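Now for the letters of each chain:
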Amino acid sequence: MPPPTTQVRVAAFADLAARTFHDLLRLRIDVFVVEQHCPYAELDGRDVEPGTRHLWLERDGAVLAYLRILADPDGAARIGRVVVAPAARGGGHAGRLMTEALRLVGDRPCVLEAQSYLVDFYARHGFAVTGPEYVEDGIPHVPMRRQSRPGRPGDIDG
């Protein structure tokens, strides 16, 4: 029997099945609220905005990793809620999702708030630190930005 295939999924909120949204939220809550001990308002209202795109990796119906892309008022894309299921860590899933997210973002500027220990990961995807470290929900973070740029051969945008 062939090994299970991992698939990238992309959807606006209106296109998400209730079960899928439940599974995405469950992963986010299991990691951010329970594992990282950060009781915060996970449902911030931005999941349902028309410009929000939900991206996740799925294998045999199970969610392995997730992120969302928001449309900021200044035209920048905002990547957030980047998460990998504990059992799927170390498989390159976050990098695969980031590559797909940046392909969707295209040449628009893109921002995110990185947990500080992940700065090098995001730097490999073209992001640079744009401000001082701060603590949010007990975890050190830094703001990061990838400037808009024209597509180049071999670039994820081009």
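As shown above, the structure is provided for reference.
What counts and how
- Residue indices begin from 1 for each chain and proceed along its sequence in written order.
- Where local features are concerned, this predicted model is filtered to residues with pLDDT of at least 70; where side-chain atom pairs are given and counted, the filter is 80 or more; whole-chain, interface and lining totals use all residues.
- Water and hydrogen atoms were dropped before computing side-chain values, which therefore reflect all heavy atoms in the structure.
- Salt bridge criterion: a side-chain nitrogen from Lys or Arg within 4 Å of a carboxyl oxygen from Asp or Glu.
- Strands here are runs of E lasting at least two residues and helices are runs of H or I lasting at least four, both read from the DSSP assignment and numbered beginning at the N terminus.
- Classification of residues uses two cut-offs on accessible area relative to the type maximum, computed with a 1.4 Å probe and protein chains only: under 20% is buried, over 50% is exposed, and between them is partly exposed.
- Contact between two residues is taken to exist if any of their heavy atoms lie within 4.5 Å; hydrogens are not considered.
- By definition, two strands form a pair when at least two bridges between them are found by DSSP.
- We call a set of buried Ala, Val, Leu, Ile, Met, Phe, Trp, Tyr and Cys residues a nonpolar core when their side-chain atoms join them within 4.5 Å.
- What counts as a ring pair is set by centres within 6.5 Å for rings of Phe, Tyr and Trp (its six-membered ring), and what kind of pair is set by the plane angle: stacked under 30 degrees, edge-to-face over 60, tilted for all other angles.

(A) Expanded view of the pattern of salt bridges. Evaluation of the coordinates by the stated rule reveals 15 salt bridges. Between R28 and D47 there is a salt bridge, with the nearest N and O atoms lying 2.9 Å from each other. Taken together, the residues span a long stretch of sequence, with R28 in helix α1 (residues 18–35) and D47 in the loop between α1 and β2 (53–59) at a distance of 19 residues. The pair R28 / D47 is uniform in exposure class, with both members buried. Measuring nitrogen to oxygen at the nearest pair gives 3.6 Å for the salt bridge that ties D72 to R46.

(B) Here's a closer look at the environment of A62. Residue position: A62 is located in strand β3 (residues 62–71). Taking C-alpha positions, A62 is 9.8 Å from A85, a pair spaced 23 residues apart along the chain.

(C) Main features of the side chain of H141. With respect to the helices and strands, the residue H141 is situated in strand β8 (residues 139–146). Dropping the residues within four chain positions of it, H141 is found in contact with E113, A114, Q115, S116, P132, E133, Y134 and E136.

(D) Local environment of the pairing of β8. β8 sits mainly inside the fold: 6 of its 8 residues count as buried. Looking at chain direction, strand β5 (residues 110–115) and β8 are connected through 6 bridges and run antiparallel. Each bridged residue has a counterpart across the sheet, and for E113 the counterpart in β8 is P143. Bridge count between strand β7 (residues 134–136) and β8: 3 bridges; the pairing is antiparallel.

(E) Broad picture of the nonpolar core. In terms of nonpolar packing, the biggest core is built from 38 residues, with I79, M98 and F127 touching the most fellow members. Elements that contribute at least two residues to this core include exactly α1, β2, β3, β4 (77–84), α2 (93–105), β5, α3 (119–123) and β8. Not counting residues up to four positions away in its chain, the partners in contact with F127 are I79, M98, L102, C110, V111, L112, Y122, M144, R145 and R146.

(F) Representation of the packing of aromatic side chains. Here the structure, examined in full by the defined rule, presents 3 aromatic pairs. Relative to Y122, the ring of F121 has its centre 4.9 Å away and its plane inclined at 75 degrees; by these criteria the two rings are edge-to-face. Each member of the pair, F121 as well as Y122, is classed as buried. Summarising the aromatic geometry, the rings of Y122 and F127 are spaced 6.3 Å apart at their centres and angled 80 degrees between planes, so their arrangement reads as edge-to-face. Like Y122, the residue F127 is buried in the burial classification.

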